[in-house]
Amino acid sequence: MTPEDVVVRNLLNEQDSPFELAEDARRGLTSTPKAMPPKYLYDALGSRLFDRITRLPEYYQTRTERGILERVAPLIVDRIRPTVLIEFGSGSAYKTRVLLGEMRRAGRLEGYGMLDVSEAASRAAAAELIRDYPGLHIECVVTDFEHDQPLPYAGHRRLLAFLGSTVGNFDAGAARDFLRDVGTRMQPEDAFLIGFDMVKDVDTLLRAYDDAEGVTAAFNRNLLTVMNRELDANFDLDAFEHAVRYDEREARIEMHLVSREAQTVRLGALDLEVSFAAGESIRTELSHKYTRRSVEALFEDAGLALDMWETDPESQFALGLARRR
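Residues numbered from 1 in each chain as written. Predicted model: local features only at pLDDT ≥ 70, side-chain atom pairs only at ≥ 80, totals over all residues. Heavy atoms only, no water.

Some thoughts on the environment of Thr54
Piece 1. Inspection of the secondary structure assignment puts Thr54 in the loop between helix 2 (44–53) and helix 3 (60–80).
Piece 2. Along the sequence, Thr54 and Thr216 sit 162 residues apart, while their C-alpha atoms lie 9.9 Å from each other.
Piece 3. The residues contacting Thr54, other than those within four sequence positions of it, are Tyr59 and Thr62. (Helix = DSSP H or I, 4+ residues; strand = E, 2+ residues; numbered from the N terminus. Contact = heavy atoms within 4.5 Å.)

Next comes the structure, spelled out in structure tokens:
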């Protein structure tokens with residue numbers, strides 16, 4: 001990997017308080033109920049743990065989405081004719097290779113833009129991609145999706161991708177606002193490919209977020225490690241239990257860290273003490289599930305229009321291709 005191959009811009013390190021963790025922790029841990037944004041799960045260790053999660057037998061999302069991608073990537077590349085792929089939440093770029101490979105086979109691959117919260121994960125993925133795709137130019141933007149930033153490779157034909165149903169981590173209003181904000185930065189010829197986890201039987205959903213090996217539990221508890229390290233907190237990881245719930249009315253999975261006993265935690269950097277009752281939890285992640293109708297409504301609210309819709313044979317997962325209205 002040479003300096004000409006990869007450009008890294010860390011927008012988080014340019015801020016006075018990366019991630020605004022202190023502000024989010026003060027607000028989230030003093031609210032009722034307690035909650036923290038899921039972005040803080042993805043430090044270097046959290047990113048590695050999540051990569052393991054995507055390969056677990058219970059976690060159907062990754063392999064199902066990849067299967068759909070392998071089937072429809074030629075159709076998408078032929079329809080959009082992109083020269084650049086830009087991905088939100090790129091992580092290890094495991095599924096991204098399907099799109100990159102098809103763009104290269106079509107003789108159109110020029111650049112890849114990675115937007116992710118983890119610089120370490122972005123650099124590692126970029127090093128592997130440069131090795132496997134000689135001549136590929138990569139721009140890594142280390143950023144938080146809640147803050148607008150110009151999309152890389154302006155002036156190129158771009159395919160934007162937000163895979164893994166990560167959009168489901170936003171609540172309904174935040175998802176609409178995020179998609180609307182991206183839509184305003186899209187060029188007329190751009191298209192936006194988004195993964196959606198579909199509504200299905202509850203047991204399948206619960207197993208996907210509470211695997212037998214305990215990897216998801218370790219991933220969830222890593223939030224406490226992040227706060228211990230960054231905010232001089234004294235969370236005891238063994239004093240919190242990983243828990244998963246399904247809210248049928250909202251069609252969403254919720255991940256929680258549940259206090260096993262009454263306890264008080266101190267966050268030294270905030271000069272804050274937080275009390276927990278036995279059984280009280282911190283909600284750490286939402287994962288909304290969708291139907292085609294709910295996706296179309298989401299796109300309409302965001303000023304986008306559904307251009308292509310593809311699912312697997314069991315309708316467990318879907319890919320929606322959106323254009324600006």
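The structure having been displayed, the exposition proceeds.
Focus on the pairing of strand 10 (residues 263–267)
Piece 1. Because side chains alternate across strand 10, one face comprises the buried residues Gln263, Val265 and Leu267, and the other comprises Thr264 and Arg266, none of which is buried.
Piece 2. Taken together, the 5 bridges between strand 10 and strand 11 (residues 272–276) define a ladder with antiparallel strand orientation. Counted as the bridge partner of Thr264 is Ser275 from strand 11. (Buried < 20%, exposed > 50% of the residue type's maximum accessible area, 1.4 Å probe, protein only. Pairing = 2+ DSSP bridges.)

Looking at the packing of aromatic side chains
Piece 1. Counted by the stated rule, this structure contains 17 aromatic pairs.
Piece 2. Ring geometry for Phe88 and Phe162: centres 5.9 Å apart, planes at 70°, overall edge-to-face. Placement of the pair is Phe88 in strand 3 (residues 84–88) and Phe162 in strand 6 (residues 158–162), with a sequence separation of 74 residues.
Piece 3. Given the relative accessible area of 1%, Phe88 is considered buried.
Piece 4. For Phe162, a relative accessible area of 0% puts it in the buried group.
Piece 5. One Lys or Arg, Lys34, reaches over the ring of Phe276 and ends 5.0 Å from the middle of that ring. (Phe/Tyr/Trp six-rings, centres within 6.5 Å; stacked < 30°, edge-to-face > 60°. Lys NZ or Arg CZ within 6 Å of the ring centre and 35° of its normal.)

Notes on the sheet that holds strand 7 (residues 191–197)
Piece 1. Here 8 strands make up an open sheet; going across it, the order is 1-5-4-3-6-7-14-13 and the pairing mixed. The open sheet has two edge strands with one neighbour each: strand 1 (6–10) and strand 13 (304–311). The average undirected angle you get between the axes of adjacent strands in this sheet is 20°.
Piece 2. Direction of pairing for strand 3 relative to strand 4 (residues 111–116): parallel, over a ladder of 5 bridges. Residue pairing in the sheet places Ile86 in a bridge with Gly113 of strand 4.
Piece 3. Packed on one face of the sheet, helix 5 (residues 119–132) meets strand 1, strand 4 and strand 5 (137–142) and runs near 175° to strand 5.
Piece 4. This element, helix 9 (residues 292–301), spans strand 7, strand 13 and strand 14 (317–324) of the sheet and lies at about 155° to strand 13. (Axes fitted to C-alpha atoms, helices over the stretch in contact; angles between N-to-C directions.)

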